[in-house]
Amino acid sequence: MRYRQLSTGTLALGVLLLIDVLRVWLPGIITIFGQAASTPAELMGAFALGWFVLALGAPSVVRRVGARPVTVVAAVALAVARLTLTAAPGGRTQLWLATAGLLAGLVWLVGVAADIDRPVPGLALGFAVNAALHAVLDTADLVWRGDWVAWLLSAVAVAVFLVGTAQPGRLGGAGDALAGPVAAPAGAGGGRAWLLAGPALLLAGMVALSPALARTGMSYLVAGDGVARSPLFGLAPVPVAVAGFLCAALTRSPRGWGRAYGPVALLAGAVLFALDRGDLLLPAILLAAVGLGACLALTDDTSQPASDTAGAGTAGGASASRRGYAAAAGMFVFALGAVGYYSAYDLGYPNAAVPVVVAVLVAAVAFTARPVVQRLPGPFPPLRAAAAVTALALLAPVLADEVPVASNRDGPPERLTVVAYNIRMGFGLDGRFDLTGLAEVVVRQRPDVVLLSEVDRAWLLNGGHDTLDLLADRLGMPYVFGPAADPVWGDAVLSRWPVRDPRTLPLAAVGAPTGAQALAVTLDLGDGVRTAVVSTHLQPPPGGGPVVQARAVADFATRYAAGRQLVVAGDLNTEPGDEAFTEFANAGLVDALAAARPLATSPADHPRQQIDHIFVSPGLTPSDPVAPRSTASDHLPVAVTLTLPPR
């Protein structure tokens, strides 16, 4: 294998491993280091940014010690951390393992930057292969699976990465076109491309190459009216985005004003994403993917040959140092953008500008790059490389897409079992992504309808999972999703009975930073029997109760039910007897859990607060109320069996 192929492949593998570590480390900030909505967001942000600030010192270490020893040691540390995380140990052990892997990955990236002056092919392949694998794995990565297949594939990836890193000679550069025992020295270029590595990673994970966001976008096309339903072939946009991204990144950019198509497409995609509309997610993804790839291609400056060996030491060292600082600064931008965007959901400031500002930065750096006059051939044929990764992504709609189907052939039933559960984005008290634990505690109740709160479908901060689709597959129930904070975070209803007429009501924030809504659906139980169900998650304002939201939900639910039987449930953030709680009683609803009071549900390990509730209309008779114990979330689920009135 030629050196530049080896170096490009090793860089791509390292990027893939670093993203895997990030998908564990980022959620750990709000599930292990702190607690979202209780630990100050400023403290969690300082913890997150501190490690990226520390990595800014890595270029000086590389300059003093040398790129190769630093790169090899950091690569080993990254590989060990990534492989160890496959055990998903949870708790502080998991957090510090991921932190060690993150810091090692950042130092490795700086070391590699000192030796590679043409990183675009490796970075692009790393981003694209990661997206394709993430889609094939149904957005639940190997690191969270822990079975023998996960261990085997993780070990193979780590071993190949280490073998590639350990090869003698320089890690690669623009001039190593020939195979041989000694690679050519690196050129003076590559600084802009390395600067864009971090911002490009942020935009790829948030928008351009996010399989979970692609599926969420498809689910909005199924239902319309601002809600989302289980889609057919929800991952179909992923191969299109991957192909567009790689073709744009690996092929020669147009000349003149044609160079503007990438920056313009990227900005358009970022703006569409920032509008927070579910029906605009798909065009946002496709535009951002092509635009991001084209912007990377504009920085792939390989028109200048590598420096002559005579007199290249000083100039080469300066260029290597600049590339290292550029890589570290770019990853700091990644951290700043991620923290700035997601902390807004705790602090309450507008965050829509964050992806747009990052896209502006990428577009500006790319468009002002020196035009390539005579581009040297890349390490891999562009179309073949794009076709190979796209073929991998094409497996996702076939292997990973499942669509549970509801049926009322045995209806109408005499009873309905209802479960309401705040699932904390899929993360348990120990910080593990615990879909199995969530599904098991719900399945034990043998539910007919499940109402979920804190449902995350694509947040990069939480690992980029589509938690709702993954849980729906395990429960065998299709879903309806109502957006609250943004199009990918909200509440859901899953039902084994067909669902009709979904509607969502945005709720006034009244000082609470995180958005809230009420999702209403009608269960078709057969033979003309209908029951209305409303799922919500009330957000109390600072120092008060969610009285205004509770009143709005009670009014919305009773109007929607229009005399039919009604169920209202979710994390209501109010205790029995509080003013907000009595709003539902004033609307004529009954506390379905009254027979089991006190029934504390939070925190899950030592429940003290009764804040998760199920209210029903008087015609439904509740029995067997329970809050089964589990630490798969920070809340306990609540369940009750409802006897329907005789026909």
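Q: Hey, could you run me through helix α21 (residues 579–586) in this one?
A: Within an α-helix, residues lying three or four positions from one another point in the same direction, as the helix has 3.6 residues per turn. Within the span of α21, buried status applies to A580, F581, E583 and F584. Across the axial projection of α21, the buried residues extend over an arc of 145°, all falling on one side. Exposed and oriented more than 90 degrees from the buried face of α21 are E579 and N586. The secondary structure elements touched by the buried residues of α21 are α20 (547–561), β9 (565–571), β10 (590–591) and β11 (612–616). Once α21 ends, the next one or two residues include G588, with phi positive near 90°.

Q: It is not clear to me how the nonpolar core should be interpreted in this structure. Could you clarify?
A: Most often, soluble globular proteins keep nonpolar side chains buried together rather than apart. Grouped together as the largest cluster of nonpolar side chains are 148 residues, with contacts concentrated most on W25, W194, F245, L246, L452 and L494. When residues of this core are assigned to their parent elements, the largest contribution, 15 residues, is made by helix α1 (residues 3–33). Ignoring any residue separated from it by four or fewer positions in sequence, one finds L494 in contact with D448, V449, V450, L452, L468, A472, L475, M477, P478 and Y479.

Q: Hey, could you run me through the pairing of strand β13 (residues 638–643) in this one?
A: Looking along a regular strand, one sees the side chains alternate between the two faces of the sheet. Counting buried positions along β13 yields five of six residues, so the element is predominantly enclosed. Note that strand β2 (residues 415–422) and β13 share six bridges and pair antiparallel. Within the sheet, the bridge partner assigned to V418 lies in β13 and is V640. With four bridges connecting them, strand β12 (residues 621–626) and β13 associate as antiparallel partners. In the sheet register, T621 faces β13, and the bridge partner there is T643.

Q: Where do I start with the sheet that holds β10 in this structure?
A: By definition, the strands of a sheet pair up through backbone hydrogen bonds, in either a parallel or an antiparallel sense. Taking strand neighbours across the sheet as the criterion, the six strands line up as β6-β7-β8-β9-β11-β10 in an open arrangement whose pairing is mixed. The open sheet is flanked by β6 (499–507) and β10, the only strands paired with a single partner. When strand β7 (residues 516–524) meets strand β8 (residues 530–537), the two strands line up antiparallel, connected through seven bridges. Residue pairing across strands places V521 opposite V533, the latter belonging to β8.

Q: For this particular structure, what's the right way to read the sheet that holds β12?
A: In space, the seven strands of this open sheet follow the order β1-β4-β5-β3-β2-β13-β12, with mixed pairing throughout. Unpaired on one side and paired on the other, β1 (228–229) and β12 mark the two borders of the sheet. On top of the sheet, helix α19 (residues 467–475) reaches β3 (449–456), β4 (479–486) and β5 (489–495); it is set at about 155° to β3, its chief contact.

Conventions adopted
- Residues numbered from 1 in each chain as written.
- Predicted model: local features only at pLDDT ≥ 70, side-chain atom pairs only at ≥ 80, totals over all residues.
- Heavy atoms only, no water.
- Buried < 20%, exposed > 50% of the residue type's maximum accessible area, 1.4 Å probe, protein only.
- Helix = DSSP H or I, 4+ residues; strand = E, 2+ residues; numbered from the N terminus.
- Arc of directions from axis to C-beta.
- Contact = heavy atoms within 4.5 Å.
- Core = buried A, V, L, I, M, F, W, Y, C linked by side-chain atoms within 4.5 Å.
- Pairing = 2+ DSSP bridges.
- Axes fitted to C-alpha atoms, helices over the stretch in contact; angles between N-to-C directions.

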